[in-house]
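Working through the structure, step by step
The primary structure of each chain is shown beneath.
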Amino acid sequence: MKITVVGAGYVGLVTGACLSEMGNHVICLDVDARKIEMLQRGEIPIHEPGLDAIVRRNAAAGRLQFTTDVAAAVGHGTIQFIGVGTPPDEDGSADLKYVLAAARNIGRHMTDYKVIVDKSTVPVGTADKVREVIRETLAERGVALDYAVVSNPEFLKEGAAVDDFMRPDRIILGSEDERATWLMRAVYSPFMRNHDRLIVMDVRSAEFTKYAANAMLATRISFMNELALLADRVGADIEWVRRGIGSDPRIGSHFLYAGTGYGGSCFPKDVKALIRTGDEQGLRLGVLHAVEDANDRQKHVLVERVVARFGDNLAGRTFAVWGLAFKPNTDDMREAPSRVVIAELSRRGAAIQAYDPVAADEARRTLEGTPGLRFAANQTEALTGADALLIVTEWKEFRNPDFPTIAATLRQPVVFDGRNLYDPELVRSFGIEYVGIGRGSRASASSPQKAS
């Protein structure tokens, strides 16, 4: 099948690459000529495990192409996926200018039936706007062509996006057009040979489902972070609490880890957009306001604990920071808790020696000009000369470090474990002071460890 994907960013590139892996002939369109030139050279502009091999394999086979030629891209695919960015506007609403620009270009250049697929995360009612923009553009051209607009939101986790696309647990399709539904089922049939995972619903419900899913996950994280703060007050260990409630099948074990707050391109933006949608409808979404407030507060908790230990004036102090990306297996620094942690340490006069196995280059761009910040080439270099270590991102290589080296290298060994990676008593057995998130004062040597 011939498919066009508009947007060669995170969503668009993963979508295009994975669709080409199943034998489709895919053209990825982007207005960023530099990005397209990189992709044509086989260079991948984002870090996503497994994506580079799929892109190169299918580009070499001629099934995956990259272009800035709008007319050629629109002419190519019967199915036109729109996977462009929807950044938050100043009022928190999703900015649809790139989505509507893509729709307008499709309307300008289409010459036959098209299925326009909203793959980007967009507010309820966006498909209606896309449909209207195309109708108006066709009217300006004085032509009458059939087309359908459907919603097919992505549910890709950064760091596991390829696997999520290739082995989906569900595929949401909002469609009220029988022909479009049939074509979309054909597109996704190779991804669900063992079980039909396609859930077809009306378009607005599909658009709403994406926001509802991310808001639910963000709610679980903020809820556990608030419980962690209370656990510290009452002397409970949030890791045992997590295991206790997670064993209840009505609750489940996912997204129950306390830490330094959520970040990235999805949860913060989507919670804000859903709050804004509620405001537009005259409905205050109190739970989501609380979720957002709790997350903003949680990003400051680790530094508050540093201040409680070392004082508010951190001039002359040096801190090692392990982990900069908002989560493991990505280089994404958007809304990353590390940005708040580093800014607060720097504001108090501290020097920061930061290390991340993947996100260092992106962090240099994001944190450029931060006083007192330098980047280390490895974990040990970050520790050298530091007063204490802060764990901000739970990369696997941080899970079982050389504690004797940490104890010997830090000036006065203290570990602020922002992701609860370690058994407090194990760390203390090496002569290292341990401060976690919600670990209370009664965490025992048999404290549960974070699952892989």
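Read on for a plain summary of the structure. (Residues numbered from 1 in each chain as written. Predicted model: local features only at pLDDT ≥ 70, side-chain atom pairs only at ≥ 80, totals over all residues. Heavy atoms only, no water.)

**What to know about the overall build of the protein**
The criterion, for reference: By the criteria applied, helices consist of DSSP H or I runs no shorter than four residues and strands consist of E runs no shorter than two, each listed in order from the N terminus. Both definitions apply: the radius of gyration is a C-alpha atom measure, and the globule rule equals 2.2 Å times residues to the power 0.38. In this scheme, a residue with accessible area under 20% of its type's maximum is buried, one over 50% is exposed, and one in between is partly exposed, where area comes from a 1.4 Å probe on protein chains only. The contact definition used throughout considers only heavy atoms, calling two residues in contact when any of these lie within 4.5 Å. When charges are counted, neither His nor the chain ends are considered; positive counts come from Lys and Arg and negative counts from Asp and Glu. In this description, the location of a charge corresponds to atom NZ of lysine, CZ of arginine, CG of aspartate or CD of glutamate.
When helices and strands are counted, the protein shows 18 helices and 14 strands. Here the C-alpha radius of gyration of the protein, 24 Å, is about what a compact globule of 452 residues would show, namely 22 Å. Viewed in the frame of its principal axes, the protein has a C-alpha envelope of about 75 × 45 × 45 Å. In the protein, which comprises 452 residues, the share counted as buried stands at 54%. Nonlocal contacts in the protein, meaning residues at least 24 apart in sequence, comprise 73% of its contacts between residues at least 6 apart. Charge separation in the protein, taken as the distance between the mean sites of 55 positive and 60 negative side-chain charges, equals 2 Å.

**As for the pattern of salt bridges**
Two side chains bearing opposite charge may form a pair once their charged atoms approach each other closely. Convention followed: We count a salt bridge whenever a side-chain nitrogen from Lys or Arg sits within 4 Å of a carboxyl oxygen from Asp or Glu.
Under the criterion given, the structure shown has 35 salt bridges. As a salt-bridge pair, Lys114 and Asp112 come within 3.3 Å of each other at their nearest N and O atoms. Taking the relative accessible area as the measure of exposure, Lys114 reaches 1% and is therefore buried. Since its relative accessible area comes to 37%, Asp112 is described here as partly exposed. Of the charged contacts, one joins Glu335 and Lys299 as a salt bridge, the two residues approaching to 3.8 Å between their closest N and O atoms. In this pair, Glu335 is assigned in the loop between strand E9 (318–322) and helix H14 (337–347) and Lys299 in the loop between helix H12 (286–298) and helix H13 (301–310), connecting sequence segments 36 residues apart. A residue is classified by how much of its surface remains accessible, and Glu335, at 41% relative accessible area, is partly exposed.

**Remarks on the nonpolar core**
Just so we agree on the cut-off: Remark: nonpolar core denotes a set of buried residues (Ala, Val, Leu, Ile, Met, Phe, Trp, Tyr, Cys) joined through side-chain atoms within 4.5 Å.
Core analysis: the biggest nonpolar cluster contains 59 residues, and Phe319, Trp322, Leu345, Leu389, Leu390, Ile406 and Tyr422 have the highest contact counts within it. The element best represented in this core is H13, accounting for 6 residues. Ranked by size, the runner-up nonpolar core spans 42 residues in total, among them Val55, Val117, Ala161 and Leu183.

**Some details on the pairing of E9**
This is how it is decided: In short, DSSP must find at least two bridges between two strands for them to pair. Consider the strands pointing away from the viewer: the crossover is right-handed when the path from the first strand over the helix to the second runs clockwise.
Counting buried residues along E9, 5 of its 5 residues qualify, which places the element largely inside the surrounding structure. Note that E9 and strand E10 (residues 351–355) share 5 bridges and pair parallel. Its bridge partner lying in E10, Ala320 is registered against Gln353. With H14 bridging E9 and the parallel E10, this β-α-β connection has right-handed handedness.

**What to know about the packing of helix H5 (residues 97–109) against helix H6 (residues 126–141)**
Put simply, the test is: For every element, the axis is a line fit to its C-alpha atoms; helices are fit only across the contacting stretch, and the angle between N-to-C directions ranges from 0 to 180 degrees. Note on convention: the crossing is left-handed when the near helix lies turned anticlockwise from the far helix by less than a right angle, right-handed when the turn is clockwise. Each residue gets one label: Ala, Val, Leu, Ile, Met, Phe, Trp, Tyr, Cys and Pro are nonpolar, Asp, Glu, Lys and Arg are charged, and the others, such as Gly, are polar.
Remark: H5 packs on H6, axes separated minimally by 8 Å, with the N-to-C direction vectors making an angle of 35°. Where H5 crosses over H6, the two elements pack in a sense that is right-handed. Contact residues: H5 offers Val99, Leu100, Ala103, Arg104, Gly107, Arg108 and His109, while H6 offers Thr126, Lys129, Val130, Val133, Ile134, Thr137, Leu138 and Arg141. Its residues assigned to classes, the contact of H5 with H6 comprises 7 nonpolar, 4 polar and 4 charged.

**Side note on the packing of aromatic side chains**
Basically, it comes down to this: Paired rings are identified among Phe, Tyr and Trp, the last through its six-membered ring, by centres lying within 6.5 Å, and are further divided according to the angle between planes into stacked (under 30 degrees), edge-to-face (over 60) and tilted (the rest).
Counting across every chain of the model gives 11 aromatic pairs. Note on Phe165 and Phe191: the rings are 5.3 Å apart at their centroids and 80° apart in plane angle, and the pair reads as edge-to-face. With Phe165 in helix H7 (residues 161–166) and Phe191 in the loop between helix H8 (178–188) and strand E8 (198–201), this pair connects stretches of sequence that are 26 residues apart. Using a relative accessible area of 6% as the deciding quantity, one classes Phe165 as buried.

**Observations regarding the environment of Leu288**
Mapped onto the fold, Leu288 is located in helix H12. Taking the C-alpha atoms as reference, Leu288 lies 43 Å from Pro404; in sequence the two are 116 residues apart. If sequence neighbours within four positions are ignored, Leu288 has contacts with Ala215, Thr219, Val271, Leu274 and Ile275.

**Details of helix H11 (residues 267–280)**
Count 3.6 residues to each turn of an α-helix, and residues three or four apart come out pointing the same way. Using the following cut-off: To estimate the expected span of a helix, count its residues, drop one, and scale the result by 1.5 Å.
A rise of 1.5 Å per residue sets the reference length of H11, with its 14 residues, at 20 Å; its end C-alpha atoms lie 20 Å apart and thus fit the reference within 8%. Listing the buried residues of H11 in full gives Phe267, Pro268, Lys269, Asp270, Val271, Ala273, Leu274, Ile275 and Gly278. As for H11, its buried residues are in contact with helix H9 (203–234) and H12.

**Remarks on the state of the cysteines**
Operational definition: Two cysteine sulfurs form a disulfide in these notes if their separation is within 2.5 Å.
Enumeration over the complete set of coordinates arrives at 0 disulfides. Unpaired in terms of disulfides, Cys28 finds its nearest cysteine sulfur in Cys18, a separation of 11 Å. Residue Cys28 is classed as buried on the basis of its relative accessible area, which comes to 0%. Residue Cys266 stays outside any disulfide, its sulfur separated by 16 Å from that of Cys18, the closest cysteine.

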